[in-house]
Amino acid sequence: MSSESEPSSSLIIPQRSDCMYTAFFCEENIWQLTKLILETNKSNPNVKCYVIFVSNYAKCVHLWNQNSSHNEGLMFWDYHVFLIVQHLDNTLVFDMDTRLQFPVPFQQYAKESIREEFKESYSKRYFKVVDGDVYVSKFSSDRNHMVDFDGGWMSPPPPYPPILNEEKVNNLDNFISMDPSNEFGPVLNLQEFKARFS
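Residues numbered from 1 in each chain as written. Predicted model: local features only at pLDDT ≥ 70, side-chain atom pairs only at ≥ 80, totals over all residues. Heavy atoms only, no water.

- An unreviewed UniProt entry lists the chain under the name Protein N-terminal glutamine amidohydrolase, from Aphis craccivora.
- Here is the UniProt Sequence similarities (unreviewed entry) comment for the chain, exactly as written: "Belongs to the NTAQ1 family."
- On record in UniProt, under Catalytic activity (unreviewed entry), the comment for the chain is "N-terminal L-glutaminyl-[protein] + H2O = N-terminal L-glutamyl-[protein] + NH4(+)". (UniProt positions renumbered as here; feature names shortened; annotations may be inferred.)

See below:
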């Protein structure tokens, strides 16, 4: 059997400069990145991808070491999306908006970007864990959430057409929702999330 037909054992990681990126469209940046990593590692059975949505009922969640921040890296998002890739004993975080390295080991990301909760109960963060294959096949966004009251863009959109699934129905809100009964994946609190990937 030729080596070309054997499953690959090494993880192929793209450079940050090779990844599609549009500011304030984290859900699409991560869709593109997840699709790329799954495709380039399709012969590797040891690669698992998980798309992580961070939000809460108040739509106000905090992360540190974020590029868009003007306050020592502390940023408040209505929601944020990043990718976790597990390969053998390694758990890596791909956050297109972080000041940390790309990718960064999960333990470092948890310590330096997620950190701990604030005391205010309304700021408690929840983490929805979505299987990468499910995200690539099911995610669909018409980008209406980035259109203001006057019909203009709040931030310039990506240069490619909107990402739509077979049904062509916008479901971004379903991914952002932290209602445990919602579809696409389990919703974990901070302690559960850290335990899941540590």
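## So, unusual backbone geometry
For step 1, the next point in the chain: For the peptide bond that leads from Phe-102 to Pro-103, omega is -5 degrees, which places it in the cis range.
For step 2, the next point in the chain: You will see that Arg-143, though not glycine, has its phi angle at about 70 degrees, which is positive.
For step 3, the next point in the chain: Taking the relative accessible area as the measure of exposure, Arg-143 reaches 4% and is therefore buried. (Buried < 20%, exposed > 50% of the residue type's maximum accessible area, 1.4 Å probe, protein only.)

## Focus on the pattern of salt bridges
For step 1, the next point in the chain: In total, this model carries 4 salt bridges according to the counting rule given.
For step 2, the next point in the chain: Measuring nitrogen to oxygen at the nearest pair gives 2.8 Å for the salt bridge that ties Glu-28 to Arg-143. Residue Glu-28 is found in helix 1 (residues 26-40), and its partner Arg-143 is found in the loop between helix 3 (132-138) and helix 4 (172-176); the two are separated by 115 residues along the sequence. Across the pair, Arg-143 and Glu-28 agree in class, each one buried.
For step 3, the next point in the chain: Glu-117 is the salt-bridge partner of Arg-125, the closest N and O atoms lying 2.9 Å from each other.
For step 4, the next point in the chain: The class of Arg-125 is buried, set by a relative accessible area of 0%.
For step 5, the next point in the chain: Overall, the relative accessible area of 23% leaves Glu-117 in the partly exposed class. (Salt bridge = Lys/Arg side-chain N within 4 Å of Asp/Glu carboxyl O. Helix = DSSP H or I, 4+ residues; strand = E, 2+ residues; numbered from the N terminus.)

## Observations concerning the UniProt feature "domain: Protein N-terminal glutamine amidohydrolase alpha beta roll" (unreviewed entry) in the chain
For step 1, the next point in the chain: In the UniProt entry, the feature "domain: Protein N-terminal glutamine amidohydrolase alpha beta roll" (unreviewed entry) is given for residues 21-197.
For step 2, the next point in the chain: Within residues 21-197, the helical portion is 25% and the strand portion 22%, while the C-alpha atoms at the span's ends are 25 Å from each other.

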